[in-house]
Amino acid sequence: MPAAQQSSSTTFEGLEEKRYNLRIVSAEAAISPPPDSRPQHKFEVALEGTEDPERGGEIVLRMWTSQAWHDTEGKTSHQFLLVRAICGPSVTLEEWERLDYPDLAGRRFSAFVKLDAKGWPTVDKDSIRAPLGGAAPKGQ
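Here the focus is the side chain of Ser-77. Its location among the elements puts Ser-77 in the loop between strand 5 (75–76) and helix 1 (78–87). In contact with Ser-77, other than residues within four places in its own chain, are Ser-66, Ala-68, Trp-69 and His-70.

This is how it looks when you write it as C-alpha cells:
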C-alpha cells in the first residue's frame with residue numbers, strides 16, 4: 001500500500017492529532033541520506049482506526065529510526081523506544097537481534113500523530129509507547 005506522503009497535502013486536514021495505535025506493515029534496512037549515510041530502519045506503519053480519504057483502507061505512513069540501541073539519562077534512541085513498545089519493556093538486545101524484518105509485520109505500538117507544516121501526518125517518535133488498551137506485544 002502506498003504511503004500517505006504520496007497524497008495531496010490537503011487530504012489530511014481533518015485528521016485528529018492524537019495518540020494512535022499503529023501497526024507495522026513492513027520494515028527494511030535503509031541508509032540515511034548523505035552526508036550521514038548511516039544504517040537505519042525504514043517502516044511503513046498503519047494508523048489503526050483511520051481511513052485514507054484518497055485510497056481507502058487505513059492511512060499508512062513511513063517512519064525511520066536509527067539502528068542505535070541506547071537508553072541513557074535524557075536520551076533514548078527511537079529504535080530502543082520502538083523495540084520496548086513492540087516487544088515488551090524487558091526485551092534484550094540479543095532478543096531483538098534474533099528478529100528479522102518480516103517478523104515485525106503486524107506488531108503494534110502507540111504514538112502521537114500530528115500534521116507537519118505541509119499538512120502531512122507524521123509520527124512523533126519520542127512519544128512511542130506500548131499499544132493503547134494494554135494489548136500484549138505480538139509473540140509475548
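Attention shifts here to the sheet that holds strand 3 (residues 59–66). Read from one edge to the other, the open sheet built from 5 strands follows the order 3-2-1-6-7, with strand pairing classed as antiparallel. Each edge of the sheet is formed by a strand with only one pairing partner; in this case those strands are strand 3 and strand 7 (121–123). Across the sheet, the mean angle from the axis of one strand to that of its neighbour is 45°, orientation sign disregarded. In terms of strand pairing, strand 2 (residues 39–47) meets strand 3 through 8 bridges, oriented antiparallel. Counted as the bridge partner of Gln-40 is Ser-66 from strand 3. Across the sheet, helix 1 is in contact with strand 1 (18–31), strand 2, strand 3 and strand 6 (108–115); its angle to strand 6 comes to roughly 130°.

The subject of this paragraph is the packing of aromatic side chains. Scanning the model with the defined rule gives 2 aromatic pairs in all. Ring centres 6.3 Å apart and planes at 55° place the aromatic pair Phe-12 and Trp-120 in the tilted group. Here Phe-12 is found in the segment before strand 1, whereas its partner Trp-120 is found in the loop between strand 6 and strand 7, with 108 residues between them in sequence. According to the relative accessible area criterion, Phe-12 is buried, its value standing at 2%. Ring geometry for Trp-69 against Phe-80: centres 4.8 Å apart, planes inclined by 90°, an arrangement best described as edge-to-face. Note that Trp-69 is positioned in the loop between strand 3 and strand 4 (71–72) and Phe-80 in helix 1, a separation of 11 residues in sequence.

What counts as what
Residues numbered from 1 in each chain as written. Predicted model: local features only at pLDDT ≥ 70, side-chain atom pairs only at ≥ 80, totals over all residues. Heavy atoms only, no water. Helix = DSSP H or I, 4+ residues; strand = E, 2+ residues; numbered from the N terminus. Contact = heavy atoms within 4.5 Å. Pairing = 2+ DSSP bridges. Axes fitted to C-alpha atoms, helices over the stretch in contact; angles between N-to-C directions. Phe/Tyr/Trp six-rings, centres within 6.5 Å; stacked < 30°, edge-to-face > 60°. Buried < 20%, exposed > 50% of the residue type's maximum accessible area, 1.4 Å probe, protein only.

Any functional reading would require information that these geometric values do not contain.
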